[in-house]
Amino acid sequence: MADILDSVSSVNLGEIHQTLYQCIYKRRPFQPRLTPTSPWNFPHPIVAHAVEGPEAVKRGLPAPGDHTSHLPKVSPPQQGTSRSARANQGSDPLIKDPLPCLRPSLRILNTLVNFLNCGEGKSINPFSQDRYPHVKRGDYTSLDADHLNFFRGLLGEGRVLTKPEDCEAYNVDWIKNVRGYSRCVLKPKTTEEVSGILAFCNERRIAVCPQGGNTGLVGGSVPVFDEVVLSTALMNEIISTNDTSGVLVCQAGCILESLDSHLANHGLMMPLDLGAKGSCHIGGNVSTNAGGLRLLRYGNLQGSVLGLEAVKANGEILDCLSTLKKDNTGYHLKHLFIGSEGTLGIVTKVAIQCPPKPKAVNLAFLGERKYIILTFTSNCVDSFETVLKIVRKAKRELSEILSSCEMMDELTMDVVVSHLKLKSPLPQHPFYMIIETHGSNENHDEEKMNTFLQNIMDEKLVLNGTATSEVSKMKNIWDIRERITEALDRDGYVFKYDISLPIQNFYSLVPAMQERLGTSAKRICGYGHLGDGNLHLNIIVGEFTQDILNKIEPFVYQFTSQLKGSISAEHGIGFRKPKYMHYSKSETSIRLMKELKVLMDPRGILNPYKVLPENK
Amino acid sequence: MARVLVGVKRVIDYAVKVRVKPDKTGVVTEGVKHSMNPFDEIAVEEAVRLKEKKVASEIIAVSCGPPQAQEVIRTALAMGVDKGIHVEVTGPEYETLQPVHVSKILAKIAQEENADIVIVGKQAIDDDCNQTAQMTAAVLNWPQATFASKIEKGDKEITVTREVDGGLETIKCKLPAVISADLRLNEPRYATLPNIMKAKKKPIKKVTPKDLGVDTTPRIQIVSVEDPPTRQAGVILPDVDTLIGKLKEGGHI
Ligand SMILES: Cc1cc2nc3c(=O)[nH]c(=O)nc-3n(C[C@H](O)[C@H](O)[C@H](O)COP(=O)(O)OP(=O)(O)OC[C@H]3O[C@@H](n4cnc5c(N)ncnc54)[C@H](O)[C@@H]3O)c2cc1C
C-alpha cells in the first residue's frame with residue numbers, strides 16, 4: 001500500500017484502481033503502511049496527512065460514513081500518531097502537503113484500506129461447522145423470503161442486511177477463531193423492535209445470535225451456523241445522566257468509550273475500562289460481565305449495574321431498570337442477564353453506577369527482577385515471589401487510591417513492540433508491571449506513590465521503572481497493555497485462555513505450557529490483571545491444527561482445576577468452552593443453569609450452541 | 001566541554017482535548033493536564049545525550065511561566081538535566097508572553113550561565129510560533145541551526161543536519177550557537193525511577209523577568225480565539241468505480 005500512496009503523489013490513480021480491485025476481488029493480503037511505524041518517524045509526508053484528519057478517526061471512533069464503522073475497532077492504530085499529528089499541526093516545514101487537492105480522496109482511500117485490512121495477512125478462516133464438525137445445527141427454521149419481508153416491514157429496508165459481503169463482518173469474531181454463515185443481520189433501534197423480532201423468531205423457531213461490538217473473545221458473539229444476527233449497533237442512545245447519584249441510563253448499544261467521553265463532561269467515568277473500549281457495547285459488557293483493567297478498584301458489573309431492561313426469548317419486555325442503589329424486593333433478576341452471554345435474553349437498556357472521574361492519576365511502569373521458572377510438575381511454589389511482594393505492598397501502601405495492578409511478561413512485551421512498533425519505556429526485563437492510582441488530591445497521591453516506589457527500590461524488588469502523571473505518557477504506556485490482544489492477533493493463530501488462579505500460582509500455567517508444548521508453539525506468553533489473580537495465557541501457532549489443540553486442551557483446564565482456579569475469569573464461556581465448564585462448576589450448578597435456560601428460553605432460540613454444555 | 005541551556009515550555013498535554021473558553025479570550029487551562037512541549041522534550045533528550053557523550057559538561061533547563069512550570073523543569077531534571085531556572089511569569093503577563101520576550105530571557109540567562117549551546121524545541125504545540133530559537137540567536141548575535149535532525153560536535157564547531165523542504169541540509173556553525181530540535185532528532189527517554197528520585201533533590205533557581213532586566217510589556221492583544229470548523233460528514237461508497245467517479249466529479253483527478 002505504501003506503493004499505492006507513493007504513486008498518489010504522481011497522481012497515478014489508474015494504478016490505485018487496479019491494485020484495489022486486486023485486493024478486493026483476489027483477496028490478496030497486503031500491508032498498508034498508512035500509519036507511521038513510529039510516532040516519531042513519518043515514512044512519507046503525504047502519508048502523514050492521510051491518517052491525520054477528523055478527531056473522530058484519530059481517537060478511533062467511527063467517523064460518519066466510515067466503511068469500517070461496523071467492524072471492531074480496538075485502540076486504533078492511528079492513536080500512536082497523535083503526538084506527532086498534533087505536534088505537526090501548523091507550520092511544520094517538513095510535513096508539507098504536496099497535493100492538497102488529493103487529501104479528501106486519500107481519506108476515502110484510507111478508509112477503504114482499513115476495511116480491506118481487517119483480514120490482513122491472514123487467509124480466510126474456515127467455517128465453524130467445518131472446524132468443529134461435532135457441533136450439529138439444531139432443528140431451527142431456515143430463513144425464507146417471507147421471514148425477511150417481515151423483518152423489512154418491521155425495521156425498514158436499510159436495517160436488514162442480507163448481502164453476503166454486508167453480513168461477513170458479523171459472522172467472524174474479533175480474533176478470527178470462529179465463523180458463521182448467517183445471511184441476515186437485523187439492526188433494531190428500540191426495545192419494541194427487539195421484542196417484535198424475538199416474538200416472531202420464537203414462534204417460528206428461528207435461532208438468534210445477539211451481537212454488540214463483536215469484540216468477545218470466546219466466540220459467543222457470532223453465529224455458528226445461519227442464526228439471525230441481532231446487532232445492537234443502532235441502539236446507542238444515552239437516556240439520562242444524574243450528576244448527584246452518578247447513575248447513567250442508556251441503551252445497550254452505546255460504545256463504552258463514547259459513554260466514558262460523555263460522562264467526562266459530568267465529572268464522572270465508566271466503572272470499567274478495557275482494551276476493546278473503542279468498539280465494545282455496554283450491553284456486550286454486561287452480557288459478558290466484563291472485568292477489565294480497573295476491576296480491582298471499581299468492582300465488577302454485578303455490583304455497578306443497578307438495573308436493566310431485557311427482552312425475553314418470547315418477546316416479553318422485562319423492566320428491571322431500577323436506578324436505586326438499594327433494592328431488595330425479591331430476587332435480583334438483573335443478575336440473570338449479567339454474564340449470561342445472550343442465552344437468557346437480550347439486554348436493551350442499562351442503569352449503571354458511575355464513580356467520579358479522578359482528579360489525580362499516577363502511573364508507574366516497573367521492570368521486575370529476574371525470577372526462576374519452576375514448573376508445576378516440579379512441585380515448587382516460589383518463582384513469582386518478587387512480583388507478589390510488590391502486589392502486597394501496592395495493596396497496603398497505596399490502598400484506597402490503587403486503581404490498577406497489571407502485569408505482562410517478556411514475550412508479551414516483545415509481541416507488542418515487534419508487531420505494533422510501540423516503544424517500551426524500559427529495556428528488556430522478565431516481567432513488567434503497571435501500577436496506577438486514582439484519587440482526588442494530586443499532592444497526596446503523588447506522595448503516596450513516591451513513598452511506595454522508594455520502598456520497593458530500597459528493598460531492591462524492582463530492577464528499573466518509570467513513573468509519570470503526564471496524560472500522554474500514561475496513555476502511551478496503557479497503549480502497550482491495551483493493545484496486546486491486537487498484537488497477538490497479528491502473530492499467528494491464537495489460542496486464548498482467560499484463567500483465574502490463586503495469586504500465589506498466578507503465573508505457574510505459563511512455564512507449564514512452555515514445557516508441555518516446547519517448540520510446537522511459536523509463542524507462549526502470559527499477562528493479565530494481576531491484582532485480581534486473572535491470567536491471560538496465549539499460545540500462538542502458525543496454523544491451527546487439531547493436534548496442537550489436543551495438546552493444549554483439556555490439559556490447560558485440568559491444570560487450572562487442580563489449582564482450584566476458574567477456566568473463565570472474565571471472557572465467558574461462549575462457543576469455545578461449554579464442554580469444559582465442569583472443570584470449574586459442579587454438576588448441580590450446571591443442572592440448575594440448564595433448568596434456568598429452559599425456563600427463560602423454552603424453544604432454545606437465543607444464542608444456541610453457546611455457554612451450556614450439551615446434554616449427554 | 002560545552003555548557004548547554006535548554007528551554008522547556010509547559011503546554012496542555014497533547015493527549016488532552018483543547019477547549020476554547022466561552023468568552024473566546026483563550027483556551028481553558030484550569031484543571032487541564034499539562035506536560036512538557038514534545039519538541040522541548042526532544043531538546044532535553046539531545047542535551048542529555050551530549051552529556052552522556054561527554055560533549056556537554058552541565059545542562060541547565062529554563063522555563064518561563066506560572067509556578068506549575070516547575071513541574072516540567074522537574075521532568076527535565078529527571079531526564080538528566082543538572083539544574084533548573086524558573087522564570088516566574090503569571091496571570092495576564094503570561095497570556096501575552098511571546099517568543100520576543102522569551103528569547104530575550106533565554107539570551108540573558110545564556111550569557112549569565114556562560115552557555116555554549118542553547119537548544120530549544122522548534123515550536124511549541126500550543127502557539128505554534130516557531131520563532132524562539134531564531135530570535136534568541138538574533139538577540140545574542142550567535143549562529144543558528146534550526147530544525148535539527150542530527151547534531152555532531154567537532155572541535156570548535158558543530159555539524160547539524162537540518163530538515164528542509166527538499167530533503168536534508170548539512171551545515172557547520174561555530175560555537176556558541178542556538179539549535180532548534182525537530183521531530184526526528186531523537187526519541188526522548190522515559191525518566192527512570194532512580195533519576196526521578198534524584199531529580200527531587202536537584203536545585204531550581206527562581207527569578208523574574210525584571211531580575212533579568214527583560215521588559216515583558218505585551219506587543220499583541222488577543223482579539224478572539226475560535227474552534228476550527230468541524231469537518232463535513234463522509235459518505236459510504238459502494239465500490240471503487242463510484243469512488244473514482246466521485247473523485248473526478250470533485251475535480252480531484
Ligand atoms: C482488545 C480486547 C481487550 C479485551 N479486554 C477485556 C478485558 O480486559 N476484560 C474483559 O472482561 N473482557 C475483555 N475483552 C473481551 C470482552 O468480553 C469484550 O470486549 C466485551 O465485554 C464484549 O462486548 P461486545 O459489545 O463486543 O460484545 P460482543 O462480543 O458482541 O458479545 C459478547 C457476548 O455477549 C452477547 N451479547 C452482546 N450484546 C448483548 C445484548 N445486548 N444482550 C444480550 N447478549 C448480548 C453476545 O451474544 C456474546 O455472547 C477484550 C476484548 C478485546 C478485543
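Here the structure is a predicted model, which is why all the values come from computation and not from measurement. Every chain is numbered independently, its residues counted from 1 as its sequence is written. Whichever chain is written first becomes A and whichever ligand is written first becomes 1, with later ones labelled in order. Local features in a predicted model are, by the rule used here, given only for residues with pLDDT of at least 70; side-chain atom pairs are given and counted only at 80 or more, and totals for whole chains, interfaces and linings are based on all residues. To get the side-chain values, all heavy atoms of the structure are used, and hydrogens and water are removed first.

1. Brief notes about the packing of helix α16 (residues 410-420) of chain A against helix α19 (residues 484-491) of chain A
All names here are of chain A. Under the convention used in this document: A fitted line through C-alpha atoms represents every axis, and for helices the fit uses only the stretch in contact; the resulting angles, taken between N-to-C directions, go from 0 to 180 degrees. Secondary structure is summarised from DSSP: a helix means a run of H or I of at least four residues, a strand means a run of E of at least two, and numbering begins at the N terminus for each. With respect to orientation, any angle under 35 degrees is reported as roughly parallel, any angle over 145 as roughly antiparallel, any angle of 65 to 115 as roughly perpendicular, and every other angle as oblique. Here, two residues are considered to be in contact whenever any of their heavy atoms come within 4.5 Å of each other. When residues are grouped by polarity, Ala, Val, Leu, Ile, Met, Phe, Trp, Tyr, Cys and Pro land in nonpolar, Asp, Glu, Lys and Arg in charged, and all others, Gly among them, in polar.
For the pair α16 and α19, interaxial distance at closest approach is 9 Å and the crossing angle is 75°. By the criterion of interaxial angle, the relationship of α16 to α19 is roughly perpendicular. On α19, the residues that touch Thr-412, Val-415, Val-416, His-419 and Leu-420 of α16 are Ile-484, Glu-486, Ala-487, Leu-488, Arg-490 and Asp-491. Taken together, the residues that form the contact of α16 with α19 break down as six nonpolar, two polar and three charged.

2. Observations regarding the UniProt feature "domain: FAD-binding PCMH-type" (unreviewed entry) in chain A
As a reminder, the rule being used: UniProt positions are given in the numbering used here, feature names are shortened, and annotations may be inferred rather than shown by experiment.
UniProt feature "domain: FAD-binding PCMH-type" (unreviewed entry): in the numbering of this structure it lies at residues 178-357 of chain A. For residues 178-357 of chain A, the end-to-end C-alpha separation is 37 Å, with 21% helix and 21% strand making up the annotated structure.

3. Brief notes about the sheet that holds strand β9 (residues 346-353) of chain A
Residue and element names in this part refer to chain A. Heads up, the condition is: Two strands are said to pair when DSSP picks up at least two bridges between them.
Taken in spatial order, the five strands of this open sheet run β5-β6-β9-β7-β8, and their pairing is antiparallel. Both outer strands of the open sheet, β5 (238-241) and β8 (317-320), are each paired with one neighbouring strand and no more. Put simply, the sheet's adjacent strands are angled 10° from each other on average, direction ignored. As paired elements, strand β7 (residues 305-311) and β9 share six bridges and run antiparallel to each other.

4. As for unusual backbone geometry
Note the threshold: Burial classification: accessible surface area is computed with a 1.4 Å probe over protein chains only, and a residue below 20% of its type maximum counts as buried, one above 50% as exposed, and the rest as partly exposed.
In this structure, the amide linkage connecting Glu-553 of chain A to the following residue, Pro-554 of chain A, adopts the cis form with an omega of 5°. Within the secondary structure, Pro-554 of chain A is located in the loop between α21 (546-552) and α22 (555-562). In this structure, Asn-607 of chain A takes a positive phi of about 40° despite not being glycine. Inspection of the secondary structure assignment puts Asn-607 of chain A in the segment after α23 (587-600). Overall, Asn-607 of chain A belongs to the buried group, its relative accessible area being 2%. One non-glycine residue with positive phi stands out, namely Asn-141 of chain B, at about 60°.

5. Overview of helix α8 (residues 145-155) of chain A
Residues and elements named next belong to chain A. This is how the line gets drawn: Note that the arc is computed from the directions linking the helix axis to the C-beta atoms. Any N or O atom pair separated by 3.5 Å or less is treated as a polar contact, with the protein-specific requirement of one donor-capable and one acceptor-capable atom, and with residues adjacent in sequence counted only for side-chain atom pairs.
When α8 is considered as a whole, its buried residues turn out to be His-147, Leu-148, Phe-151 and Leu-155. Buried residues of α8 fall within an arc of 95° about the axis and therefore sit on the same side. Turned more than 90 degrees from where α8 packs its buried face, Asp-146 and Gly-153 sit exposed. The elements touched by buried residues of α8 are β1 (160-161), β2 (185-186) and α10 (191-204). Of the residues flanking the start of α8, the one acting as N-cap is Asp-144, its side-chain oxygen 3.0 Å from the backbone nitrogen of Asp-146.

6. Description of the environment of Ile-255 of chain A
With respect to the helices and strands, Ile-255 of chain A occurs in the loop between β6 (247-251) and α11 (256-264). Spatially, the C-alpha atoms of Ile-255 of chain A and Ala-233 of chain A are 8.6 Å apart, while their sequence positions differ by 22 residues.

7. A few points about the sheet that holds β1 of chain A
Residue and element names in this part refer to chain A. One open sheet accounts for four strands, arranged β1-β2-β4-β3; its pairing is mixed. In this open sheet, the two strands that pair with only one neighbour each are β1 and β3 (208-211). Two strands pair when backbone bridges link them, and β3 and strand β4 (residues 228-231) are joined in this way by four bridges, in the parallel orientation. Bridging across to β4, Cys-209 finds its partner in Val-229.

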